[in-house]
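Overview (structure and organization)
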Amino acid sequence: MQAIAQTNGHVFNVLPALPSPGSTITVTYKNKGTVLEGSKHINGVLYSFSKFKWHADDLTLSWKDTAWTGTFKLPEGCAFITCVFQSDSLIDKGGKWPYSWLLSDAARRQLPGAYYAWGTLRSRSFRNNQPFQVDTAAYIEDEVTRMWLRYENRDHPESKPFIFKKALTLYKKTSTDSAVDNNIRKEVQAILGMPNTTEQTWIDAADVYATVLNDKAAADSIQQLILQKYPKGISARDKAILLLTREPDQLKKTKDFDQFIIDFPPAAFAEVETNISNLWYNKLFRTAVYTPIIKDSNYSNLFKYLPVVPTSELATFYHHMVEIPHDQKKMQLSTLLMLSDTLVKQIMGRPADGVYSPLQWKEVLIKQQTLTLFTHAQLLYESKQPQKAFAFASMINPANIYSYKKADFADLYVRLLIANGKKKEVIPYLLKAAHENALTTYALELLKKDYTAKNKTSDGFEAWVESLKSKDTVNASKEDLKKNLVNLPMANFELESAKGGLVNLNKLRGKIVIIDFWATWCGPCKAAMPGMQLAVNKYKADTNVVFYFIATQEFNPEYKSMINKFLAEKKYNFTVLYDGYNADSKHLDIAYARCAKDYHSSGIPMKLIIDQQGRLRWVNNGYKGSPSALADEISYIIETLQKEEKSVSKSHLPPPPAGGEVGGGPYFSTPVFFYNADSSIRFAGTLSQPLQQKATKAVVLVSGTGKQDRDGTMAGHKFFAVIADSLSRQDVAVLRIDDRGTGETTGKYEDATTEDFANDALLAVSYLKNRPDTKNLPVGLLGHSEGGAAIVIAAARSKDVQFIISLSGLATQGLDALLEQNRQLVAMANIPQYDKNRYNNINDRMFHLAYQYANDTSLETKLRGCYASWKEKDNKLVDSLQIKFDHFRFPIESYVRQATGKWYRYHIRFDPAGYISRLHIPILTIYGEKDVLLNAQKNAQNWQNSTTTAHNSHITIKIIPNLNHLLQHCTTCSTTEYAQIPETIAPIVLQEITSWLKNAER
C-alpha cells in the first residue's frame, strides 16, 4: 500500500518501493500525457510529512531516457511524501490522484501519520491546513477522509492526540448516530488521560467542546485548566495579548509589551498560530514601535524588536517607515536609506514563513517584496550607490511589478544601466519597455537621442515609437477605449483660472475639451502628470483641443501657492482651474461632485473628454502607471472625436425585424410550448430559425441565477435576445425559454436547484429532437453563469447534447465560488478595511458551516449559533476599535432563509468537476477577465484540469480582457455598472461563438 496513487503509476514512481525514513529515494516523473508534456525544464517540490508536520524541499530533476528523475534523502520520522511538478507557470499536481507515497515499516504497516496525511491532504474541509491546494478533482468526501483517520487510529493509537480534533469534527459532521455527542465526550476524556498529551492537545479538546459540541461551559472549564497547567503557554500568551490589546494607554501598552516579550519569548512560539495571535499579535508590535516614533521620533524600539517582529509584519513596517516618507519627501535621504537597509536585511534574511521549499520561498519573498526592493533600489540610486542599487533592481522580475509602477521601474533600470557602465544594454531594454508602452519622458528622450543620432534627423520619431509598441496591446487598448466611449450630457461649470479670469465650459463648444480632476495631496494624480504633459505637448498647436486641470478637494489654505510651486518645479505647462465651493459637502469640489454623481464615478484622478457638441464622450478614473500609454489613450480619443461626422450611440438590442420581434431579417421566430414528464410544468419559449436555408446546428440557451425571461433580461439588457439574433444569422437554430414561474412558463422557480435547471434544459433538447425540422440537427447547450453549471450536468447525462458553450460559467465547487464571489464584492465595496475584514470573517464562517451541514436538518440552528458566537467577539472588536457609529450589518435572517433553502443547499455542495470529467464533446468556455463574480483564471484552470482527466482535447478556453460577468466592456466592472453600460455583450464574444460553432466537430 506504499503508493496509494497507483492510478498515476505510469507517471510517478518512487524507488525503492518500500523506502525507510532517513534513506535516499529516486523519484521518477514521466511527463508525457501530462500538462507538462514537451517542457524542456521541470522542477519539483517534495512535501514530506514527519512527526505530524509538513516540510517542503526542492527536488532537482534531470532527464534520463524517458523520464525526469531526482534523488532525495527522506527526513527522519517521515511517513508520507507528495510531489508537485512545475515548468514555468504550468503546474502538475496529479489531478484526481496527487503524486503521493505512503511509507511503511518492515512489516509493511504504514508509519504513524501516513494515513492521516493522505486523508487530510485531499479533504476539502481541511484544505486550509495543507501545504498546497490539490486539484479540485482530487477532493474526497468527508466520509472517506474519516475512513483514513480511522485507519490511523486503528494502527497507531499513539497518533490520537494529534488527529482527534479533525476526526471528531468529521464524526459529528457525518454521523447519524444519536449518541454521537456522548461518544465524542468519552473520546476526548480518554485522550486527555493519555500520557503523551501536550498543551495543544488540551487546546484542541477545548475547541472540540466549543465548536463541535457547542458546549461553551465545558470549553471554558478546560481553558481554565490549561491556564493552571501551562502558566507560560499558548493560552496564557493569548490572554496576555488580549489584555495588552485592550489597554487604552498607548504609552503603558508599549511599556507592558517589554514584559510580555520576556514572559513569552517569540522564539518559543515561532510555530504557534491562534485566532487571537493572528488578529492582534502583529498590531502589538506596531504599537510598541510606532508610539515612540510618532511621539518623539524615537526609533529605538524598532531596532530593539526588529529581530523578532513577525515576518508578515515587516512589509507593513517598510511601507509606513520608508515608502510613504520617500513618496512624500518628508525625511532626509540618509535616514530613509538607513531604515530601508535595516529592514531589507531583515526581510531578505528571514526563513520561510510557511511551508515552502527554499526556491519557492525565494520566489515568493521576492514577489511579495517587489515594491520593497524597488524602493530600496531607488534610495540607493538617489544616494549615489548605483552598483548596490543595480543588484537589488536586478532581483526583480518586471512581470511582478504592478502595472502602475512598470514605467517607473523601467526608468530607474535604464538609469542604473547607464550609471553602471552598461550603456549598450539601455536601448535594447527601452525597446522592450516601448513594446509594453511603459515609457517615461526620460525614456522617450533617450530613445529620441539614439534615433536622431542614427537617422541624422528626428523626423519620423513618433511614428517609429508607435511601431515599437505591441500591436496586440495597442489594438486591444484602442478597442477597449472605443467600447468605453459614452455620449452623455455634460453639466456646465464656470471656474476661476490660475492664469486669471473665468473659464465657462459652454463657451468652449466647437472644441474638444480634456479635463483632469486632481489635487496637490493626490499621489496618483501627480504621478499621471508626465503623461498628461506628453498629451498637452502633442496638441499644443491645435487650437481646437484644450486641456484644463481642475484642482479639487484642496484643504490647505495655501493651496494656490502650492500649486504654482509644484508646476514650476516640474516645469508643467498646464492651465489650472480652481474647483468652487460646494455648500453640500462644505469643500472645494462643486464641479467634481457634480461629475462624480452624474457619471457614477468616484476618486481622483478623474479624466473627462468632451466633444465639439459639449457632450461627455469618455470618463476614466485612476492611473495605470505609464506616461506614454496615458498620452496614447488621450490621443486616441481625441483623434476618434475629430474623425466623427456625427454622434454615434449604441443600442441594447439588435435591429428589429420587419415583424417587430428581435431577431428578424434572415431568420424567422416561432413561439413554442412543451411540458415536463408529468405535465406539471409548461415551458414556453421562442425558436429562431434561418429563413433562406436549413440550420446547421441547434442551440438551447440556459440562463444563470435569478428568474429570467426567454430574452435573458438582466440589468436592462436582453442578453439572450442578442445572442439568439447573432447565432440565427449564422444558420443556427436557437431555442430560448422563460425560466420556471417567469413569462409564459409555469412552475415555481424558488423550489428548483441547478440540477432541476439541467433537467429543464434536457427537456428543451428532447423537444428539438422530436421536431421534424430540427430532429436531425446536432444540438448543443449554451449556458451563462449558473447556466454554465446546469449545462455540464445535462451534457454528462445525455448523449443528445453534442456540444456545450459556457459563458462566465461556474466551473468551481459551489463553496469556493461563493467565497471568491463575496471576497471580490467586499474588496470593491466602499467601506473601511476593518469592515471588510469583518465581512470576510463572518462570510467565511457562515459559508463553511452551510457547506458542512448542507444536508443536515440542524443547519439553521448551527448558523444561528455561529452568528451569535461571532457577534459576541465582534462586539468586543467594535469596542476595541472605538467605532462610534457602527454601520456594519450581516443579514442573518435573510441568509438563514437562503442557506436553508433547497437551491442553496444543493449549490454550495455542487462540484462540476465530476460532470466535466465525463464529457467527451466539443466545449467552448468564455470568461471576462474583469469578472468580479467568478474568478476567470481559476474557473478556466478547472475546465482544463477536468477535461484533461477526461482525455477530452476538444475544449477551447477564452479569457477576454476588460469584460465583466455579463461579458460587457466595463470600467469599474462592479455589478452596479451593468445597467449603465450601453453594450449588452461585447461583439468579440459573439464572434468567438459563431466562429467556434462553424469549426466545432465531435
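Refer to the structure above for everything that follows.
These notes cover the structure that comes with them. In this text the structure is predicted, and so the values were computed from the model without any measurement.

1. What to know about the overall build of the protein
- Scanning the protein for helices and strands turns up 36 helices and 27 strands.
- Computed over its C-alpha atoms, the radius of gyration of the protein comes to 32 Å, within 12% of the 30 Å expected for a compact globule of 1002 residues.
- The buried share of the protein, reckoned over its 1002 residues, is 53%.
- Counting contacts in the protein only where the partners sit at least 6 residues apart, residues at least 24 apart contribute 69% of the total.
- Split by element, the accessible area of the protein, about 46600 Å² in all, is 52% carbon and sulfur.

2. Notes on unusual backbone geometry
- Backbone torsion omega between L15 and P16 reads 0°, so that peptide bond is classified as cis.
- Here P16 lies in the loop between β1 (12-15) and β2 (24-29).
- The phi dihedral of N214 is positive, around 55°, even though this residue is not glycine.
- Positionally, N214 belongs in the loop between α5 (199-212) and α6 (216-229).
- Despite not being glycine, Q553 shows a phi value in the positive range, around 55°.
- Relative to the assigned elements, Q553 resides in the loop between β14 (545-551) and α23 (559-570).

3. Re the pattern of salt bridges
- Enumeration according to the criterion identifies 42 salt bridges in this entry.
- As a salt-bridge pair, E639 and K538 come within 3.5 Å of each other at their nearest N and O atoms. In this pair, E639 is assigned in helix α25 (residues 627-643) and K538 in helix α22 (residues 529-538), connecting sequence segments 101 residues apart.

4. A short note on the packing of aromatic side chains
- Under the definition given, this model contains 53 aromatic pairs.
- The interplanar angle of 55° and the centroid separation of 6.3 Å between the aromatic rings of F12 and F85 together place this pair among those described as tilted. In this pair, F12 is assigned in strand β1 and F85 in strand β7 (residues 78-87), connecting sequence segments 73 residues apart.
- Residue classification places F12 among the buried positions, given a relative accessible area of 3%.
- You can call F85 buried: its relative accessible area is 0%.
- Their ring planes at 40° and their centres at 5.5 Å tell us that F12 and Y99 sit as a pair that is tilted. Placement of F12 in strand β1 and of Y99 in strand β9 (residues 99-102) is noted, with a sequence separation of 87 residues between them. Accessibility assignment for this pair places F12 and Y99 in one class, buried.

5. Structural notes on the packing of helix α8 (residues 250-263) against helix α9 (residues 275-296)
- It is at 9 Å that the axes of α8 and α9 come closest, and there the two elements cross at 125°. Here α8 is positioned oblique relative to α9, judged by the angle of their axes. Helix-helix and strand crossings are classified by hand; for α8 and α9 the assignment is left-handed. Each of Q250, L251, K253, T254, F257, F260 and I261 in α8 lies in contact with α9, whose residues at this interface are Y281, L284, F285, T287, A288, T291, P292 and K295.
- For the contact of α8 with α9, a count of residues per class yields nine nonpolar, four polar and two charged.

6. Examining the sheet that holds strand β16 (residues 606-610)
- Within the open sheet, the eight strands sit side by side as β10-β17-β16-β13-β14-β15-β11-β12. Their pairing is mixed. Since the sheet does not close on itself, it has two edges, and those belong to β10 (488-489) and β12 (502-504), each with one partner.
- Where β16 and strand β17 (residues 615-621) come together, five bridges link them in antiparallel fashion. Directly across from M606, in β17, lies its bridge partner N621.

7. What about helix α1 (residues 114-121)?
- Counting buried positions over the eight residues of α1 gives eight, a clear majority of the element.
- Buried within α1 are the following residues: A114, Y115, Y116, A117, W118, G119, T120 and L121.
- Buried residues along α1 sit against β3 (43-50), β4 (53-59), β7, β9, α2 (142-155) and α3 (160-174).

8. Observations regarding the packing of helix α30 (residues 833-852) against helix α31 (residues 859-881)
- Across the interface, α30 lies against α31 with an axial gap of 10 Å and an inter-helix angle of 160°. In terms of orientation, α30 and α31 fall into the roughly antiparallel class. Handedness of the α30/α31 crossing: right-handed. Together, Y834, R838, N841, I842, R845, M846, L849 and A850 of α30 and L859, K862, L863, C866, Y867, W870, K873, D874, L877, V878 and L881 of α31 make up the contact between the two elements.
- Grouping the amino acids of the contact of α30 with α31 by side-chain chemistry returns 13 nonpolar, one polar and five charged.

9. Some thoughts on the pairing of β2
- Pairing of β1 with β2 involves four bridges; the strand directions are antiparallel. In the strand pairing of β2, N13 is matched with T28.
- Examined bridge by bridge, β2 and strand β6 (residues 67-73) share six bridges and lie antiparallel to one another. Note on β6: the bridge partner recorded for T26 is T71.

10. Looking at the state of the cysteines
- Summed over the entire model, instances satisfying the criterion amount to two disulfides.
- Here C970 is linked by a disulfide to C973, with a sulfur-sulfur distance of 2.0 Å. Here C970 and C973 share a disulfide; its torsion about the S-S bond, 75°, makes the bridge right-handed.
- C973 sits in the buried class, given a relative accessible area of 4%.
- Each disulfide in the protein links cysteines that, numbered along the sequence, combine into the pattern 1-2, 3-4.
- Considering cysteine sulfurs only, C83 is the nearest to C78, which forms no disulfide, with 10 Å between them.

11. Thoughts on the sheet that holds β2
- If you trace the four strands from one edge of the open sheet to the other, you get β1-β2-β6-β5, paired in antiparallel fashion. Every interior strand has two partners, whereas the edge strands, β1 and β5 (62-64), have only one. Each neighbouring strand pair of the sheet contributes to a mean axis angle of 35°, computed without reference to strand direction.
- Where β5 meets β6, three bridges bridge the pair, whose relative direction is antiparallel. Bridge pairing links S62 to T69 in β6.

12. Topic: α9
- Compared with an ideal rise of 1.5 Å per residue, which puts 22 residues at 32 Å, α9 spans 33 Å between its outermost C-alpha atoms and is within 8% of the ideal.
- Of all the bends in α9, the largest measures some 30° and sits at Y290, one to four residues before the proline P292.
- Remark: S297 follows α9 within two positions and exhibits a positive phi of approximately 55°.

13. A few points about the environment of P307
- Note on placement: P307 falls in the loop between α10 (300-305) and α11 (311-328).
- Sequence separation between P307 and Y290 is 17 residues, and the spatial gap between their C-alpha atoms is 16 Å.

14. Quick look at the side chain of D411
- With respect to the secondary-structure elements, D411 resides in helix α16 (residues 406-419).
- Separated by 2.6 Å, the side chains of D411 and T440 make a polar contact.
- Non-local contacts of D411, meaning those with residues more than four positions away in its chain, are made with T440, Y442 and A443.

15. Focus on the environment of S703
- Tracing the backbone through its elements, the reader meets S703 in the loop between β20 (697-702) and β21 (713-714).
- Using a relative accessible area of 12% as the deciding quantity, one classes S703 as buried.
- In the structure, S703 is positioned 157 residues away from V546 in sequence and 47 Å away in space, judged by C-alpha atoms.
- If we ignore the near neighbours within four places in the chain, the residues touching S703 are Q708, F720, D739, H784, E786 and G787.
- Among the polar contacts made by the side chain of S703, one reaches the side chain of D739 at a distance of 2.8 Å.

Thresholds applied
Residues numbered from 1 in each chain as written. Predicted model: local features only at pLDDT ≥ 70, side-chain atom pairs only at ≥ 80, totals over all residues. Heavy atoms only, no water. Helix = DSSP H or I, 4+ residues; strand = E, 2+ residues; numbered from the N terminus. Rg over C-alpha atoms; globule rule 2.2 N^0.38 Å. Buried < 20%, exposed > 50% of the residue type's maximum accessible area, 1.4 Å probe, protein only. Contact = heavy atoms within 4.5 Å. Areas by Shrake-Rupley, 256 points an atom, 1.4 Å probe, with all protein chains shown as cover. Salt bridge = Lys/Arg side-chain N within 4 Å of Asp/Glu carboxyl O. Phe/Tyr/Trp six-rings, centres within 6.5 Å; stacked < 30°, edge-to-face > 60°. Axes fitted to C-alpha atoms, helices over the stretch in contact; angles between N-to-C directions. Parallel < 35°, antiparallel > 145°, perpendicular 65-115°, else oblique. Left-handed = near helix turned anticlockwise from the far one by under 90°. Nonpolar A, V, L, I, M, F, W, Y, C, P; charged D, E, K, R; others polar. Pairing = 2+ DSSP bridges. Disulfide = S-S within 2.5 Å. Expected span 1.5 Å × (residues − 1). Bend = angle between axes of the 7 residues up to and from the residue. Polar contact = N/O pair within 3.5 Å; in protein donor to acceptor, adjacent residues only side chain to side chain.

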